Amino acid sequence: MQIRIVTGQPWEAPADILVVPVVGDPDFSGPLGELDRRSGGELATLHAFGELRGKRFSTSLGAGGELPVKRVVSVSAGPADELDREIARKVGATGIRRLIGRHADTLAVWLDPLGGVEGGVAAAAELVARGVVEGGFEPKAIYREDTEAAPPAIDELVLIASGGDASSLAKAAERGRIMGEGANIARRFANRSANDITPQVLADEASALATTHGLWIDVIDERRAKDLGMGMFLAVGQGSDNPPRMIVMRSGSQGDLDEAGRHLALIGKGVCFDSGGISIKPADRMEEMKMDKTGACTVIAAIVTAARLAPGMPLLAVAPAVENMPGGHATRPGDIVKALNGKWVDIINTDAEGRLILGDAMTYAEQLGATHLVDVATLTGAVGRALGNIVTGAFATPDPFWDDLAAAASRAGERYWRIPLIHDIYSEMESWYGDLQNTGTNDGSLVKSGLFLEQFRTVPWAHLDIGGTGYFRKAYPYAARGATGVTHATLVEMALAGASKG
Ligand code: BES
Ligand code: ZN
Ligand code: MN
């Protein structure tokens, strides 16, 4: 998809379809009125009938009239004083998704109505471009080419702004396009089924991306993992005939620090299927557990995106990939294993497997020189019950690292809510035989998932639990069902905080 910036008025848009963002209760006295008159007055008529009053992500589709475009799509963004970067992105995504099943080669979006977003019209260009790319993603098209359920595959996105510097808008839009493409890499992998993506296949996909983008990669098999002492990682993978793989990718060189003095590592849970293991899950919704590798898919995509935007910047991605299955070799409740950092762990519930593979991956990242860790995981069902599917639960320590995460999240247009590490209840995770158990009592189980992981880091660390936000169970105006790509942009922004500003 090419991007073209047009500085001018929306009625000059050279495209098949024009998307018009509507912020608040629209005012037809300015350019919107002029645009509407030229297209035949449909928007003002709808408005007079009480439509188009700003219900967020509601849309209308009308004729182009005398405009160069054939169709005009309006997308409501909600009240002006609530317009933020997340909404601006979703407006772009909603615009293209309104066209599902239709054909278009070129799509224009009028940016001026979104100019009130933080960062102004350049931010709107970035977020709309990203939104259009993300909105264009359709999981039905992963396995089938004959689907009519997909949004149009457009060749050219035209962004129209009456003011602003065309070259800086183009640069911003390009950044947005790359961000969106990265999120879609993560979503495409995450949506693929467990009979398709085994740990080895995920490693092969990561290797292909590493070759394309000039990243170093190391795939650790079960024999090397044993030599290294990754007892928790191996315990999860041993019940499956599809052997585990620890996927390690790096841009820059080992030991290098970025401009912020860090060697950041992104760590992603890669459970290609989570049956629960011997502590097997109920059948209801078990099929969703093919998406339990979403964290791994996200960090693999994020290091690729970061390398595209800031080539050579030091950054590590570690994705422990396993299948959590029952079987003759599977770990049993009560089994005791030694973690890579030397701690002895009592596995009480084999369904609390994410923290086991992540713990060893975090230790390994530190062994490779990471000075800061961020992990992403579909770690708990509890986080979704607490926060729903829009706001990601996050842990971070120490406090300044939370501030870094919050700043990256606001640039990315993603929402997080901080969950406390309540050390007072750590004693409920004590093990009879080892150092700790992998579950502890039920009370505060979400907090305890964080307390467990915290035992496997010695440097600043953040944990993003996408158990609620990683995938949607139904379609929304701005996104298909399935993997959302959430946290990808935050991780990239987090990494780019260490890029030179040249
Ligand atoms: N992958 C699941 C968490 C999950 C469940 C994410 C549903 C999204 C939707 C994880 O491995 C798991 O099974 N967690 C358990 C932890 C418990 C055994 C302490 C859970 O959340 O029930
Ligand atoms: Zn899991
Ligand atoms: Mn589980």
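Residues numbered from 1 in each chain as written. Chains lettered and ligands numbered in written order. Predicted model: local features only at pLDDT ≥ 70, side-chain atom pairs only at ≥ 80, totals over all residues. Heavy atoms only, no water.

Let's talk about the domain arrangement of the protein
Partitioning the protein into domains gives domain 1 (2-187) and domain 2 (192-496). In this structure, domain 1 and domain 2 have C-alpha centres spaced 35 Å apart. Every contact between the two is made by 25 residues of domain 1 and, on the other side, 32 residues of domain 2. Summing both sides of the interface, domain 1 and domain 2 together bury roughly 2,300 Å²; the carbon and sulfur share of this comes to 57%. Of all residues in domain 1, Ile178, Met179 and Arg187 bury the most surface against domain 2, accounting for 24% of the area lost on that side. Linking domain 1 to domain 2 there are three salt bridges. As a salt-bridge pair, Glu493 and Arg175 come within 2.9 Å of each other at their nearest N and O atoms. Connecting domain 1 to domain 2 are 10 residue pairs in polar contact (both at pLDDT 80 or more). Here the side of domain 1 that touches domain 2 takes nine residues from helix H6 (residues 166-191), the largest share from any one element. Its residues assigned to classes, the side of domain 1 that touches domain 2 comprises 11 nonpolar, three polar and 11 charged. (Domains from an automatic or database assignment. Contact = heavy atoms within 4.5 Å. Buried area = accessible area lost by both parts, 1.4 Å probe. Salt bridge = Lys/Arg side-chain N within 4 Å of Asp/Glu carboxyl O. Polar contact = N/O pair within 3.5 Å; in protein donor to acceptor, adjacent residues only side chain to side chain. Helix = DSSP H or I, 4+ residues; strand = E, 2+ residues; numbered from the N terminus. Nonpolar A, V, L, I, M, F, W, Y, C, P; charged D, E, K, R; others polar.)

A closer look at the coordination of the zinc ion (ligand 2)
Protein ligation of the zinc ion (ligand 2) involves Lys269 (NZ), Asp274 (OD), Asp292 (OD) and Glu353 (OE), the donor distances falling in the range 2.0 to 2.4 Å. In this structure, the zinc ion (ligand 2) is coordinated by six donor atoms arranged in octahedral fashion, with angles at the metal of 79 to 173°. The motif formed by the donor residues of the zinc ion (ligand 2), counted along the single chain, is K-x4-D-x17-D-x60-E. A separation of 3.1 Å is found between the zinc ion (ligand 2) and the manganese ion (ligand 3), both of which receive a donor from Asp274. Taken as a pair, Asp292 in the loop between strand E10 (270-274) and helix H10 (294-309) and Glu353 in the loop between strand E13 (344-347) and helix H11 (354-367) lie far apart in primary sequence, 61 residues in all. (Donors = N, O, S within 2.8 Å, 3.2 Å for Na, K, Ca; no water. Tetrahedral: all angles 85-135°; square planar, octahedral: opposite > 155°, others 65-115°.)

A closer look at the pairing of E10
When a strand is regular, its side chains alternate between the sheet's two faces. Counting buried positions over the five residues of E10 gives five, a clear majority of the element. Inspection of the sheet shows E10 paired to strand E11 (residues 315-324) by four bridges, in the parallel sense. Residue pairing for E11: Asp274 is matched across the bridge by Asn324. (Buried < 20%, exposed > 50% of the residue type's maximum accessible area, 1.4 Å probe, protein only. Pairing = 2+ DSSP bridges.)

Quick look at the packing of H11 against helix H14 (residues 445-454)
Running from N to C, H11 and H14 cross one another at 30°; their axes reach a closest spacing of 9 Å. As the angle between them shows, H11 and H14 are arranged roughly parallel. Judged by the sense of rotation from one axis to the other, the crossing of H11 with H14 is right-handed. Only Ser449, Phe452 and Leu453 of H14 make contact with H11, whose side of the interface consists of Arg355, Leu356, Leu358, Gly359 and Met362. Looking at the contact of H11 with H14 residue by residue, the class counts come to five nonpolar, two polar and one charged. (Axes fitted to C-alpha atoms, helices over the stretch in contact; angles between N-to-C directions. Parallel < 35°, antiparallel > 145°, perpendicular 65-115°, else oblique. Left-handed = near helix turned anticlockwise from the far one by under 90°.)

Considering the site of ligand 1
Contacts to ligand 1 come from 16 residues, most closely from Lys281, Asp292, Asp351, Glu353 and Gly381. At a separation of 2.9 Å, an oxygen atom of ligand 1 approaches a polar backbone atom of Gly381. Look at ligand 1: alone it shows 520 Å² of surface, and the protein chains cover 80% of it. Judged by the fraction of its atoms near the pocket grid, ligand 1 is located in the largest pocket. (Near = heavy atom within 4 Å. Areas by Shrake-Rupley, 256 points an atom, 1.4 Å probe, with all protein chains shown as cover. 1 Å grid on protein atoms, 1.4 Å probe; cavity = no way out; pocket = protein on both sides within 12 Å on 5 of 7 lines; lining within 4 Å. Sits in = over half its atoms within 2 Å of the grid points.)

Observations concerning helix H1 (residues 31-39)
Restricting attention to buried positions, one finds in H1 the residues Leu32, Gly33, Leu35, Asp36 and Ser39. Axial view of H1: buried residues confined to an arc of 160°, hence all on one face. Those residues of H1 that are buried lie in contact with strand E2 (17-23), helix H2 (42-48), strand E3 (59-63), strand E4 (71-78) and strand E5 (106-110). Gly40 sits one or two positions beyond H1 and adopts a positive phi of about 110°. (Arc of directions from axis to C-beta.)

A look at unusual backbone geometry
Cis geometry is adopted by the peptide bond preceding Pro398, which originates at Thr397 and carries an omega value of -5°. When you line up the elements, Pro398 lands in the loop between strand E15 (392-397) and helix H13 (399-412). The phi angle at Leu52 is positive, at roughly 60°, despite the residue not being glycine. Here Leu52 is to be found in the loop between H2 and E3. Phi angles above zero are rare outside glycine, and Thr487 is one such case at about 80°. When you line up the elements, Thr487 lands in the loop between strand E20 (482-483) and helix H15 (488-496).

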